[in-house]
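Single-letter residue listing:
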2 protein chains.
Amino acid sequence: MALILAIDRPLDASLVRSICGDVDGIKVGLPPVLKAGIDWALEVARSCSKLTILDFKLADIGAIMEASIEPFLGDYDAYIAHSFIGAEGALSELKELLDRRGRKLILVASMSHPGSRDVYDPSIQMIEDVIDGIGPWGLVAPATRPQIVRRLRTRYPDKVILSPGVGAQGAKPGSAICAGATYEIVGRMITGSRDPAEAARRVREAQDEEAGRCRG
Amino acid sequence: MALILAIDRPLDASLVRSICGDVDGIKVGLPPVLKAGIDWALEVARSCSKLTILDFKLADIGAIMEASIEPFLGDYDAYIAHSFIGAEGALSELKELLDRRGRKLILVASMSHPGSRDVYDPSIQMIEDVIDGIGPWGLVAPATRPQIVRRLRTRYPDKVILSPGVGAQGAKPGSAICAGATYEIVGRMITGSRDPAEAARRVREAQDEEAGRCRG
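Residues numbered from 1 in each chain as written. Chains lettered and ligands numbered in written order. Predicted model: local features only at pLDDT ≥ 70, side-chain atom pairs only at ≥ 80, totals over all residues. Heavy atoms only, no water.

## Describing the state of the cysteines
- Tallying each qualifying case throughout the model produces four disulfides over all chains.
- Here Cys-20 of chain A pairs with Cys-48 of chain A through a disulfide, and the sulfurs are 2.1 Å apart. With the S-S bond torsion at 80°, the cross-link from Cys-20 of chain A to Cys-48 of chain A turns out right-handed. Of this pair, Cys-20 of chain A sits in helix α1 (residues 13–20) while Cys-48 of chain A sits in the loop between α3 (38–46) and β3 (51–58), and the two are 28 residues apart along the sequence. In terms of burial, Cys-20 of chain A and Cys-48 of chain A fall into one category: buried.
- What pairs with Cys-178 of chain B in a disulfide is Cys-214 of chain B, and their sulfur atoms sit 2.1 Å apart. (Disulfide = S-S within 2.5 Å. Helix = DSSP H or I, 4+ residues; strand = E, 2+ residues; numbered from the N terminus. Buried < 20%, exposed > 50% of the residue type's maximum accessible area, 1.4 Å probe, protein only.)

Here is the structure:
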């Protein structure tokens, strides 16, 4: 199993609980937390005993990032920030806070949309220098550009790699796993379905099938 | 006058109203919106008839950025996003939404903390290509590194430039104005004071004094 559910709109915690058994973890984005509030976000985290990730795509100075995640530190396991913002005064401070609180840092190394080729991807060597300096637990790399997943897997054999872009954004389930990702992140394909738990199982089957082929 | 108040913790709307006359606008960050809620953020915007900026440092794919700011579009004038995420599938979509709703886009071109030198600043030419392609109303550039403000002012003579980093982060009031900024963004130096309106006036005086000197 290698599937993370992306929650980008308010879902009932009871629905999340019913999907939880069919995924490896959940990733909650900013829009539903703004709309449904902190208490909802905490309830959702408590409704699933798998890996819980808060995905605000943090990209500010240290003090602001710390204040943004502070209410969630008791309940979420991991926090996503952009590597692009660099270390001193930003990611170094965030990493220190997360270490102190026993939480995990996940750094975006590249994004799933085409615009990631404008600045992010041509900067990949500098991005890797930041990753080397900070030492995050995990990395985000796009299923839509598997060559980047492969590059990061070669360079970071032991890090967790999470790949968005599967489903609505076009990548096939299993394709990022084949390129070296630890988890694929799937949202709308599951949450937009009439039977989300069943949709999650279908994604897992498709992952297994594709992974079986590429590892063949 | 060239002063924007940064609100990075929940303040009473009545307090914001009392400071509003002594600043050119307000910029509201993510931490207080998460803690105090959307209704508080809207009340704050309505309490000050100057420029109102929502500063979530947006850095996600288009659909997520749009969903994040949707509740605020009726009341906030301008929205801050990161230029490094690139155009297609991200900033292009955000710009289109803001144009359609008659709102302004402000792009971060560089940040105020030292870590901005790791990736952001060495990528400045690619960042400028993104800015050229998107055509935002305003730019964010750090008071702490005035050479970047000068560079952007030379390249973009007509754009609004907002400079954070004055006060708590070390830059002197007026120094970014001297380098070409339109506005300096000041937070803790004002909101941390016992008399914030008086503190705002003191910052303005210091700006005028410094600007008088540099424009000699």
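## Looking at the pattern of salt bridges
Residues and elements named next belong to chain B.
- Tallying each qualifying case throughout the model produces 34 salt bridges over all chains.
- One salt bridge connects Arg-100 with Glu-96, and the closest N-O pair in it is separated by 4.0 Å. Taken together, the residues span about one helical turn, with Arg-100 and Glu-96 both in helix α5 (residues 87–100) at a distance of four residues. An identical accessibility class is assigned to Arg-100 and Glu-96; each is exposed.
- The residue Arg-202 makes a salt bridge to Glu-198 at a minimum N-O spacing of 3.8 Å. Of this pair, Arg-202 and Glu-198 both sit in helix α10 (residues 196–214), four residues apart, which is roughly one turn of the helix. (Salt bridge = Lys/Arg side-chain N within 4 Å of Asp/Glu carboxyl O.)

## Concerning the sheet that holds strand β1 (residues 3–7) of chain A
Residues and elements named next belong to chain A.
- An order of β1-β2-β3-β4-β5-β6-β7-β8 is seen for the eight strands of this closed barrel, with the pairing classed as parallel. Averaged over all neighbouring strand pairs, the angle between strand axes comes to 25°, with direction disregarded.
- Direction of pairing for β1 relative to strand β2 (residues 25–29): parallel, over a ladder of four bridges. Residue pairing for β2: Ile-7 is matched across the bridge by Val-28.
- Running over the sheet, α3 touches β1, β2 and β3 and is turned about 170° from β2. (Pairing = 2+ DSSP bridges. Axes fitted to C-alpha atoms, helices over the stretch in contact; angles between N-to-C directions. Contact = heavy atoms within 4.5 Å.)

## Quick word on the interface of chain A and chain B
- On the chain B side, the residues contacting the 42 residues of chain A number 42 residues.
- Across the chain A to chain B interface the summed buried area is about 3400 Å²; carbon plus sulfur atoms make up 70%.
- At the junction of chain A with chain B, the criterion picks out two salt bridges.
- Here Asp-60 of chain A ties to Lys-57 of chain B by a salt bridge, and the two come within 3.1 Å at their closest N and O atoms.
- The interface formed by chain A and chain B holds 12 residue pairs in polar contact (both at pLDDT 80 or more) in total.
- Broken down by secondary-structure element, the contributors of at least two residues to the side of chain A that touches chain B are α2 (30–36), β3, α4 (62–69), α5 (87–100) and α6 (124–134) of chain A.
- Broken down by element, the residue count for the side of chain A that touches chain B peaks at five residues, all from α2 of chain A.
- Residues of the side of chain A that touches chain B, tallied by class, amount to 24 nonpolar, 11 polar and seven charged. (Buried area = accessible area lost by both parts, 1.4 Å probe. Polar contact = N/O pair within 3.5 Å; in protein donor to acceptor, adjacent residues only side chain to side chain. Nonpolar A, V, L, I, M, F, W, Y, C, P; charged D, E, K, R; others polar.)

## As for the relation of the copies chain A and chain B
- The transformation that overlays chain A on chain B combines an axial shift of 0.0 Å with a rotation of 180°, and the residual RMSD is 0.0 Å. As the rotation angle and translation indicate, the two copies are arranged about a two-fold axis. For chain A, the smallest separation between a C-alpha atom and the rotation axis is recorded for Leu-34 of chain A, amounting to 3.1 Å.
- Mapped onto chain B, 100% of the interface residues of chain A are again interface residues, and the two copies thus contact each other with one and the same surface. (Least-squares fit on C-alpha atoms with pLDDT ≥ 70 in both.)

## Side note on the pairing of strand β5 (residues 104–108) of chain A
All names here are of chain A.
- For β5, the buried fraction is high: four of the five residues fall into the buried class.
- Crossover handedness for the path strand β4 (residues 78–82) to α5 to β5: right-handed.
- The sheet contact formed by β5 and strand β6 (residues 138–140) spans three bridges and is parallel. From the neighbouring strand, Leu-107 faces β6, where its bridge partner is Leu-139. (Right-handed = clockwise from strand over helix to strand, strands pointing away.)

## Quick notes on the side chain of Asp-60 of chain A
- Along the chain, Asp-60 of chain A turns up in the loop between β3 and α4.
- In this structure the side chain of Asp-60 of chain A is engaged in a polar contact, spanning 3.1 Å, whose partner is the side chain of Lys-57 of chain B.
- Apart from residues lying up to four places away in sequence, Asp-60 of chain A is in contact with Met-65, Ile-85 and Ala-90 of chain A together with Lys-57 and Met-111 of chain B.

## Focus: the environment of Ile-80 of chain B
- Position of Ile-80 of chain B among the secondary structure elements: in strand β4 (residues 78–82).
- Residues in contact with Ile-80 of chain B, not counting those within four places in the same chain, are Lys-27, Ile-53, Leu-54, Asp-55, Phe-56, Lys-57, Leu-58, Ile-106, Val-108 and Val-140 of chain B.

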